[in-house]
Amino acid sequence: MASDLQEHPDGDPIADAVLPVYGPDGTCLTHFGPDPVVAAGGAPRTGEQRQIEAIRSCEPGPELDAWLRGLDPSVLPSTIVVEVIAAQTRIESYQHARTLGMIAELASRDEMSPEWSPLAGAPPTQACVAGDELAMRLGWPRVTATKTVHRALVLDGMLGATREALEVGHLDAAKAQVLTAGLADLSFQVAHAVEDAVLPDADQCSVAELRQRVEREIRLVDPEGAAARRERARCTRKVSHPRPQADGMASMWLVLDAADALRVDGVLTHAAKTAKALGDDRTLDQLRADGLRDLVVGDAPESDGPAFEVHLSPGQPVRSEPRRSWNGETFTDRDGVVLTRPVEPIPVATLSPLDGTATDAAAGVVRPASPSGAPDAPTTTALRTDTAAQTGRDVEPGAGVAIDTGTVIDAGAETDPPTRTSHVATASSAPSEATSSGASSGASAPAVAVTPPSLVPSAAATSPAPARRGCTRCSGRPGAEVRITIPASTLLGLDDQPAHLDGHGPIDALQARALAIGGIWQRVVTDPVTDRVLDVGRERYRPPAALAELVRVRDKTCAAPGCRVPACACELDHTQEFHPQPGGDPDAPLGGTDADNLGPLCHRHHRLKTDGGFRLRQIEPGLYEWITPTGHRYLTRPGTGQSHDATADPYDAPPPF
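What you are looking at is a predicted structure, and each value in this text was computed from that prediction instead of being measured.

Rules behind the numbers
- Residues numbered from 1 in each chain as written.
- Predicted model: local features only at pLDDT ≥ 70, side-chain atom pairs only at ≥ 80, totals over all residues.
- Heavy atoms only, no water.
- Pairing = 2+ DSSP bridges.
- Helix = DSSP H or I, 4+ residues; strand = E, 2+ residues; numbered from the N terminus.
- Axes fitted to C-alpha atoms, helices over the stretch in contact; angles between N-to-C directions.
- Salt bridge = Lys/Arg side-chain N within 4 Å of Asp/Glu carboxyl O.
- Buried < 20%, exposed > 50% of the residue type's maximum accessible area, 1.4 Å probe, protein only.
- Polar contact = N/O pair within 3.5 Å; in protein donor to acceptor, adjacent residues only side chain to side chain.
- Left-handed = near helix turned anticlockwise from the far one by under 90°.
- Contact = heavy atoms within 4.5 Å.
- Nonpolar A, V, L, I, M, F, W, Y, C, P; charged D, E, K, R; others polar.
- Arc of directions from axis to C-beta.
- Disulfide = S-S within 2.5 Å.
- Core = buried A, V, L, I, M, F, W, Y, C linked by side-chain atoms within 4.5 Å.

*Asks:* How do you make sense of the sheet that holds strand E25 (residues 615-620) when you look at a structure like this?
*Replies:* Within a sheet, adjacent strands bond to each other through the backbone by hydrogen bonds, running parallel or antiparallel. Read from one edge of the open sheet, four strands run E25-E26-E27-E28, paired in antiparallel fashion. Single-partner strands in this sheet number two, and they are E25 and strand E28 (642-645). Taking each pair of neighbouring strands and ignoring which way they run, the sheet shows an average axis angle of 20°.

Next up, the structure:
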């Protein structure tokens, strides 16, 4: 709660304001006494203003929390409801600060900082295991938990003033994160100078404004360190792994140098506007996404013909469209004039052949030049196979598609559902004359060489492409392999049970059957009751490769609770150690290399199990028990989404799944 005394405008102390009490009809029953502003010579204030002052003056804590719990907001005036919401956010900030304080306390415990053995390589980047402990207990993503621990330690140490501002509700969690993210890697002196400059008015600005202020103050306080900060930032460039989205889609996060990002944006926009000018009916966003996919994983064969240099020129002006609301009504100004929104004209594409071919830009058809100089009949181009529409991941012809049907597994399919795509490649020797009309300012889009498939509009005819030369299994991009698990009954069309796309999650039966076309199948026998894999078509005591396949198909993901790393990207671990451990009990039993003692673990969880103080037991094949350094116990069956906190359960209780 606020201090017992406040400063009167003329310097005299006055009693602290009390929180208002409201009747059943929302009437304020609290009498606040004489208005100190009137006593100081100011104009009198209304009752609502006195109530607002009292609510704002109460710092977050048990008293404000109890007052908020006893309110009935449905009877309060709207002005007071807004202040009640603001008071509730102060309570949330107060509770968030307390939570971070407890996380910092946990991270400071000895068991959260294990000694990492050099036998398994260099110590991990995140040496503290408090984030892993919280990820298992709270179901947080491990990255989120690790970042929260880091933020808690920064606030508990260098940025103590920010922590105090969070405790009293002067900052919310989002603004505190802006400060910790911006100042954590700076020197103590620079961080404190920036903190002192931005904290006083932080409650009066938005999160974006606070971020800009922090960046500006850093440049003012430490201009000499700009080069070092930029170099550190460049080291964080990355492309994230796909994150599953609804309806068979996935998202990826790209972090690049600003200039590189503008160049990529310019090329994608230029290619998208080119296809649009040639009659492609896809949206610019769809064309940009398809163009990026094809630039990374596409490989246009020589049979598709030569490349062309594409230049854009402004199109004909387009009449402005009226601005409309969500229900279709037009917007007008005070005089009744309909407000319009300018529409950017679609540019006109000019094609310049790189090796003596003639083009017809109006029809969008490519005509190779005949030896006599007269153009031959328009040639049509084949459409590249593409399964991205079903899976969110591109699969090139010839790339492996592994499909596990419960009784069969496809380990190298070539799928051929016809879908038009855009093949775009930067012309390294072409002059950079065209500039993307929609690109960011200062980003010059280079001339783009486009192979014929991207130039064929939706109305163009198609014909099968000539066969590729060489090994079809090696013609695709490395790593463009898709693996799915599909019940045999679904594959045969007897039902529509969902399938599992490795690295993504569930997909519908229609998508799974489309991926299964033309596959090479491998038998996988499963238990019809438990769906547990029994074998993969070989005897159990075959070479380790067969066992590895069995375990990965069985578990699908890392065996740690909540971890979504696909089993194909994990390390196979002996749950009960195969080799004696240095300094361990020489009489301890050792595990064998069999399905009952093997499980997939991502690199981080493998290190946690080996050196991080986490213990692991495989109760039965595919059912794992984890015991963390704090003694918490979790049961999990990876690949099924089933995880159970068994910390308070008797040890002889049967598994819940």
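There is more to say, and it comes next.
*Asks:* It is not clear to me how the pattern of salt bridges should be interpreted in this structure. Could you clarify?
*Replies:* On inspection of all chains with the given rule, the structure shows 26 salt bridges. A salt bridge links glutamate 53 to arginine 45, with the nearest nitrogen and oxygen atoms 3.2 Å apart. Here lysine 609 and aspartate 573 are joined by a salt bridge, their closest N and O atoms 3.2 Å apart. Highlighted residues: lysine 609 in helix H18 (residues 603-610) and aspartate 573 in strand E23 (residues 571-574), separated in sequence by 36 residues. When its relative accessible area of 4% is taken as the criterion, aspartate 573 is described as buried. Beyond isolated ion pairs, a larger network of salt bridges with shared partners links Asp280, Arg282, Asp290, Arg293 and Asp294.

*Asks:* What exactly am I supposed to notice about helix H16 (residues 509-516) here?
*Replies:* Two residues of an α-helix separated by three or four positions point the same way, owing to the 3.6 residues in each turn. Across the eight residues that make up H16, a large majority, six, are buried. When H16 is considered as a whole, its buried residues turn out to be Ala509, Gln511, Ala512, Ala514, Leu515 and Ala516. Capping the start of H16, aspartate 508 holds a side-chain oxygen 3.1 Å from the backbone nitrogen of leucine 510, two or three residues further along.

*Asks:* What am I meant to see in the side chain of arginine 633 here?
*Replies:* Relative to the assigned elements, arginine 633 resides in strand E27 (residues 633-637). The class of arginine 633 is buried, set by a relative accessible area of 4%.

*Asks:* Which parts of the structure should I look at to understand the packing of helix H12 (residues 258-277) against helix H13 (residues 284-297)?
*Replies:* Angle between the axes and distance between the axes are the two parameters that describe a pair of packed helices. Look at H12 against H13: their axes get within 8 Å of each other, and the N-to-C directions meet at 115°. Two packed elements cross with a definite hand, and for H12 against H13 that hand is right-handed. Side by side, H12 and H13 meet where Asp265, Val267, Leu268, Thr269, Ala272, Lys273, Ala275 and Lys276 of the first sit next to Leu284, Leu287, Arg288, Gly291, Leu292 and Leu295 of the second. Considered class by class, the residues forming the contact of H12 with H13 number eight nonpolar, two polar and four charged.

*Asks:* Sorry, what's going on with helix H9 (residues 188-198) here?
*Replies:* Within H9, the full set of buried residues consists of Val190, Ala191, Val194, Glu195 and Val198. Seen along its axis, H9 keeps its buried residues to an arc of 130°; they face one direction. Exposed side of H9, more than 90 degrees from the buried face: Gln189 and Asp196 are the residues found there. Close packing links the buried residues of H9 with helix H7 (160-167), helix H8 (173-183) and helix H10 (207-221).

*Asks:* Help me out: how do you make sense of the state of the cysteines in this one?
*Replies:* Between two cysteines, a covalent bond joining their sulfur atoms is known as a disulfide. Counting across every chain of the model gives zero disulfides. Residue cysteine 568 stays outside any disulfide, its sulfur separated by 7.8 Å from that of cysteine 570, the closest cysteine. Residue cysteine 568 is classed as partly exposed on the basis of its relative accessible area of 48%.

*Asks:* Please explain the side chain of arginine 50 as it appears in this structure.
*Replies:* When you line up the elements, arginine 50 lands in helix H2 (residues 47-57). What makes arginine 50 buried here is its relative accessible area of 11%. Leaving out residues up to four positions away in the same chain, arginine 50 has contacts with Phe32, Gly33, Pro34, Asp35, Pro36 and Arg45.

*Asks:* What is the right way to read unusual backbone geometry from this model?
*Replies:* Comment: phi is negative for the bulk of residues other than glycine, and the bulk of peptide bonds are trans. One non-glycine residue, aspartate 247, lies in the positive phi region at around 60°. Here aspartate 247 is to be found in the loop between strand E4 (243-244) and strand E5 (250-251). For aspartate 247, a relative accessible area of 72% translates into the label exposed.

*Asks:* How should the environment of methionine 252 be read in this particular structure?
*Replies:* By the element assignment, methionine 252 lies in the loop between E5 and strand E6 (254-255). Take methionine 252: its relative accessible area is 52%, and that puts it in the exposed class. Along the chain, methionine 252 and proline 242 lie 10 residues apart, while their C-alpha atoms are 5.0 Å from each other. Apart from the residues within four sequence positions on either side, methionine 252 is in contact with Val239, Ser240, His241 and Pro242.

*Asks:* I would appreciate a short explanation of the pairing of E28 in the present structure.
*Replies:* Where a strand is regular, its side chains alternate between the two sheet faces. Looking at chain direction, E27 and E28 are connected through four bridges and run antiparallel. Following the sheet pairing, tyrosine 634 is matched in E28 by aspartate 645. Here E27 hands over to E28 after four residues, with glycine 639 in that stretch at a positive phi of 85°.

*Asks:* Help me out: how do you make sense of the nonpolar core in this one?
*Replies:* A general trend in soluble globular proteins is that nonpolar side chains are found buried together. Counting residues in hydrophobic clusters, the biggest one holds 49 residues, and the most contacted among them are Leu183, Val214 and Trp626. For this core, the secondary structure elements donating two or more residues are helix H4 (78-107), helix H5 (130-138), helix H6 (142-156), H7, H8, H9, H10 and strand E26 (623-627). Per element, the largest residue contribution to this core is five residues, and it comes from H4. Discounting residues that sit within four places of it in the chain, valine 214 has contacts with Val178, Leu179, Leu183, Val194 and Val198. Formed by 14 residues, the second largest nonpolar core is a distinct cluster that contains Leu19, Cys58, Ala87 and Ile91.

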